[in-house]
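Now for the letters of each chain:
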Amino acid sequence: MNKLDEFLSLARPSSVLIVDDYLKVEKLKERLISDYGFLRLADQTSIWCYSHPQDVARSEEATFIASDFALGPYINTISKFEARNLVKELFKGSMENKEAYIVPYVMGPSNSKFKRVGITITDSPYVVVNMAILNKIYPDALKNFDNVVLGFHSTASMDMKKKRVIHFTEDLEVYSVNTNYGGNVLTGKKCFSLRIASYLGKMEGWLAEHMLISKIINPIINDFTFIAALPSACGKTNLAMLAVPLEYADRGWSVETVGDDICWIFPKDGQLRVINPEYGFFGVAPGTSKRTNPHFMEAFEAGNCVFTNTAVDLDKLEPWWEGIDKPIPRRLRTWQNLDLIEPNPELGPFAHSNSRVTVPITNCPCLYKQWDNPNGHLVHAIIFGCRRHSGMPVVFQARSLDEAIYFATMLKSERTSAQEGVVGALRHDPFAMRPFFSYPIGEYVSHWLSVFRSLKEQPLFFFVNWFKKDSNGQFVWPGFGENIRILEWIIKRCACRVSARETFYGYIPCEEDINLPPSTSYSQLFEIDPEAFEDELDENQVFLEALGSSGPNELLRVQSYLKDQLQN
Ligand code: GTP
Ligand code: SPV
Ligand code: MN
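The numbers attached to residues start from 1 for each chain and follow its sequence in the written order. Naming scheme: in the order in which they are written, chains are lettered from A and ligands are numbered from 1. Where local features are concerned, this predicted model is filtered to residues with pLDDT of at least 70; where side-chain atom pairs are given and counted, the filter is 80 or more; whole-chain, interface and lining totals use all residues. Processing note: side-chain calculations cover all non-hydrogen atoms of the structure and skip hydrogens and water entirely.

Draft legend 1. A look at the packing of aromatic side chains. Pairing of aromatic rings covers Phe, Tyr and the six-membered ring of Trp, with a centre-to-centre limit of 6.5 Å; geometry is then stacked below 30 degrees between planes, edge-to-face above 60, and tilted otherwise. One pass over the full model with this rule turns up 43 aromatic pairs. By definition here, charges over rings are those cases where NZ of Lys or CZ of Arg is within 6 Å of the ring centre and within 35 degrees of the ring normal. A cation sits over an aromatic face here: arginine 84 above phenylalanine 168, 3.7 Å from the ring centre. Over the aromatic face of tyrosine 74 sits the side chain of arginine 434, whose NZ or CZ is 3.9 Å from the ring centroid.

What follows is the structure in structure tokens.
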């Protein structure tokens, strides 16, 4: 018996449908409306869905890697024996009286040697409809199960206490149960594309990262490509499809998108080639407007989207959320499926802060034409970003590979609503990968070092923070489209057009080399309190020690160099 049959005899669905074409997906979309009370929106091709009120974000506490060894910080482990038993217990009969759907799919361009394939079995039509947008249906995956990543998902009883996302990295299997939230259940999303893929990358010599991929069309470097890692809800989607201000557009600048969340990085002949393994976006809705991200708004308008946990304008049958820059609808359905007439604004927010939109990538008006080039794209610059009200300037450049890897490992960011828990607290988020590590962080850092040391030419590394605030709690940087000004400096650095000012943590722009908007203050953007930085170094020392013997010595050397610099 193969693994799929074995699973079916455990979960016991009443019937099985192989979803090998998009017509079947359309039928399931109909079922979401007829059986689940979701809405077809005015464009006729998009739908609005809502979730269980406690199933609105990724559950870090419920996410596990099956391993018989402790894997160190941020990785919940469960022994393989216990994990297998738990899977048996949680899935036993979990699909009784339900239909099971088998979804074969491909990640990456199907004509690329970098592609990977997966098959997911689920009892949730919502999962099928979303996966059919984010991944490409690929019936060939069913021909041979070797190297295929298998996802097993059941909403079961939706008992939130029994929510689990369990990964067997070596066996290429993921089990999600008692949840229907995107990042927990859409196997192709974080489970496969980051946790399983980064494990495969470690074994095979490549990297799977939580990064966007974009091109900048500009007069300085032709076809400039950057990749950028930012923690969840810290600006990847917005940066990936940035709309440049008129003054830049007039001078021939634009940004074109290759991917907004996941980047697979392959070293080849001393160079880095990157692909986006996804076929769609699963983006944050709140805060998205014609002003902040006109390209994403246009992508929604092209139809075939799934809106989850936004509010709905019931008169227009259009989605609505906080920050959309449209008045609160007269007749509104909240994300919890409550209908209100002329709602009191104080009753909001009406959309959940982690409400999401699933969008086909081809809807993106600024999609790079050859986004799915099977050979991938060459990288010029690598950016790491975070959300911090203090302690990090708006941009700096690392002085060396080792320092770049040090700062990437020590990345910290304020918690957002993309994961369950209290928002705002500063926490370590190494490489913006904290929730997605599947093998020890020290080994992960060593793997990065070995991949990058194999290159003929190093890309340059930059760190950004759009979220620095002044003493009144106001952002000191306008962000969104204005971020092109920072990218322009990055391109100038890559083209050796400008020198830089060296600080105790790295290079920052000289005031005359960066085109700041008049509303900003150079010193406010780049000022870092040396005493706070020193405290942070001390705290980093504790973090490094927690990595134990798997932590590479390079990081310790950078740590003591930075400390010396500060004292001189
Ligand atoms: P995930 O999809 O969860 O990985 O998030 P993401 O990294 O793609 O973040 P996204 O671009 O969706 O932005 C998250 C939130 O930050 C949204 O509410 C945005 O409006 C806001 N945001 C994004 N970029 C900026 C920026 O440059 N400045 C400010 N102030 N807010 C931003
Ligand atoms: C993130 O949280 O980084 C997301 C959404 O992109 S989820 O797919 O839920 O992980
Ligand atoms: Mn995103």
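Draft legend 2. The arrangement of the site of ligand 1 in detail. Neighbouring residues of ligand 1: 22 residues in total, closest Ala233, Gly235, Lys236, Asn238 and Arg356. Between an oxygen atom of ligand 1 and a main-chain N or O atom of alanine 233, the distance comes to 2.7 Å. In this structure, cysteine 234 approaches ligand 1 through a main-chain N or O atom, which is 3.3 Å from an oxygen atom. For accessible areas, the Shrake-Rupley method is used with a probe of radius 1.4 Å. Any residue's cover is judged against the shown protein chains and nothing else. When ligand 1 sits alone it has 660 Å² of accessible area, and the protein chains cover 92% of it. A majority-of-atoms criterion places ligand 1 in the largest pocket. Residue assignment for the shell around ligand 1 shows that the elements contributing at least two residues are α7 (236-240) and β18 (280-284). Numbering goes from the N terminus for both helices and strands, where a helix is a DSSP run of H or I of at least four residues and a strand is a run of E of at least two. If one sorts the elements of the shell around ligand 1 by residue count, α7 sits on top with three residues. Put simply, Ala, Val, Leu, Ile, Met, Phe, Trp, Tyr, Cys and Pro go in the nonpolar bin, Asp, Glu, Lys and Arg in the charged bin, and everything else, Gly too, in the polar bin. Of the residues that constitute the shell around ligand 1, the class distribution is 10 nonpolar, eight polar and four charged. Only heavy atoms are used to decide nearness, and a residue is near a molecule or strand if one of them lies within 4 Å of it. Polar contact is the term for a pair of N or O atoms within 3.5 Å; when the atoms are in protein, one must be able to donate a hydrogen and the other to accept it, and sequence-neighboring residues count only if both atoms are side-chain atoms. A pocket, in this scheme, is an open set of points on a 1 Å grid over the protein atoms alone with protein on both sides within 12 Å along at least 5 of 7 lines, while a cavity is a set where a 1.4 Å probe fits but cannot get out; residues line either one if an atom lies within 4 Å of a point. Assignment of a molecule to a cavity or pocket requires that more than half of its atoms lie within 2 Å of the corresponding grid points.

Draft legend 3. Spotlight on the side chain of arginine 333. Its location among the elements puts arginine 333 in strand β22 (residues 331-333). Within the local environment of arginine 333, its side chain forms a polar contact with the side chain of aspartate 339, the two groups lying 2.6 Å apart. By the convention used here, residues are in contact when the closest approach between their heavy atoms is within 4.5 Å. With sequence-adjacent residues up to four places away left out, arginine 333 is seen in contact with Leu39, Trp48, Ala311, Val312, Leu314, Leu338 and Asp339.

Draft legend 4. Structural detail: the sheet that holds strand β17 (residues 271-275). Strands are labelled as partners when DSSP assigns at least two bridges between them. One open sheet holds the four strands; their spatial order is β12-β16-β17-β25, and the pairing between them is antiparallel. With partners counted over all chains shown, the strands left at the sheet margins are β12 (207-209) and β25 (377-378), one partner each. Where strand β16 (residues 263-268) lies against β17, five bridges are found, and the strand directions are antiparallel. Paired with tryptophan 264 across the strands is isoleucine 275, a residue of β17.

Draft legend 5. Geometry of the site of ligand 2. Around ligand 2 lies a shell formed by Arg58, Tyr181, Gly183, Lys189, Lys190, His210, Ser232, Asp261, Phe282, Arg356 and Ala418. Tyrosine 181 places a polar side-chain atom, nitrogen or oxygen, 2.7 Å from an oxygen atom of ligand 2. At 3.4 Å, a side-chain N or O of histidine 210 approaches an oxygen atom of ligand 2. Calculation on ligand 2 without its partners gives an accessible area of 280 Å², and the protein chains cover 98% of this total.

Draft legend 6. Structural view of unusual backbone geometry. Residue proline 349 is bonded to the preceding glycine 348 through a cis peptide linkage, with omega at 0°. Within the secondary structure layout, proline 349 lies in the loop between β23 (339-341) and β24 (356-360). In this structure, alanine 233 takes a positive phi of about 60° despite not being glycine.

Draft legend 7. Up close: the layout of surface pockets. Taken as a whole, the largest pocket spans an internal volume of roughly 1000 Å³. In terms of lining residues, the largest pocket is bounded by 47 residues, among which Ala233, Cys234, Gly235, Val284 and Arg387 are the most central. Only α6 (188-204), α7 and β18 provide two or more residues apiece to the lining of the largest pocket. What the second largest pocket holds in volume is close to 350 Å³. The wall of the second largest pocket is formed by 13 residues, among which Val379, His380, Glu457, Gln458 and Pro459 lie closest to the centre. In terms of residue class, the lining of the second largest pocket is built from seven nonpolar, four polar and two charged. Grid points are joined across faces, edges and corners, and a volume is the space filled by probe spheres set on the points.

Draft legend 8. Region of the structure containing empty space enclosed by the protein. With the rule as written, the count across this model stands at five cavities of 30 Å³ or more. Considering only enclosed or pocket space, the largest cavity measures out at about 190 Å³ in volume. What lines the largest cavity is a set of 18 residues, and nearest its centre among them are Arg388, Met392, Phe407, Phe533 and Glu536. With four residues, the single largest contributor to the lining of the largest cavity is helix α14 (residues 530-547). Across the lining of the largest cavity, the residue classes tally to 13 nonpolar, two polar and three charged. Quantified by volume, the second largest cavity comes out at close to 60 Å³.

Draft legend 9. Quick peek at the nonpolar core. In this text, buried Ala, Val, Leu, Ile, Met, Phe, Trp, Tyr and Cys residues form a nonpolar core when linked through side-chain atoms within 4.5 Å. Note on classification: 1.4 Å probe, protein chains only; a residue is buried when its accessible area is under 20% of the maximum for its type, exposed when over 50%, partly exposed between these limits. Residues Phe226, Trp264, Phe384, Trp448, Phe452 and Ile490 are the most contacted members of the largest nonpolar core, which totals 180 residues. Looking at which element gives the most residues to this core, the answer is helix α11 (residues 441-453), with seven residues. Excluding anything up to four places from it in sequence, phenylalanine 384 contacts Met211, Ala229, Ala408, Leu411, Phe431, Trp448, Phe461, Phe462, Phe463 and Val464. Grouped together as the second largest cluster of nonpolar side chains are 16 residues, Val25, Leu28, Leu32 and Val306 included.

Draft legend 10. Spotlight on the sheet that holds β18. Across the sheet, which stays open at both edges, the five strands sit in the order β2-β3-β19-β24-β18 with mixed pairing between neighbours. Looking along the sheet, the strands with just one partner apiece sit at the ends: β2 (39-40) and β18. Sheet analysis places strand β19 (residues 306-308) next to β24, joined by three bridges and oriented antiparallel. By the bridge assignment, valine 306 is partnered in β24 with threonine 358.

Draft legend 11. Representation of the pairing of β24 in the model. By the criterion of burial, β24 is predominantly enclosed, with five of the five residues buried. Taking every second residue as pointing to the same face, both faces of β24 are buried, with Arg356, Thr358 and Pro360 on one and Val357 and Val359 on the other. In terms of strand pairing, β18 meets β24 through five bridges, oriented antiparallel. Paired with phenylalanine 281 across the two strands is valine 359, which belongs to β24.

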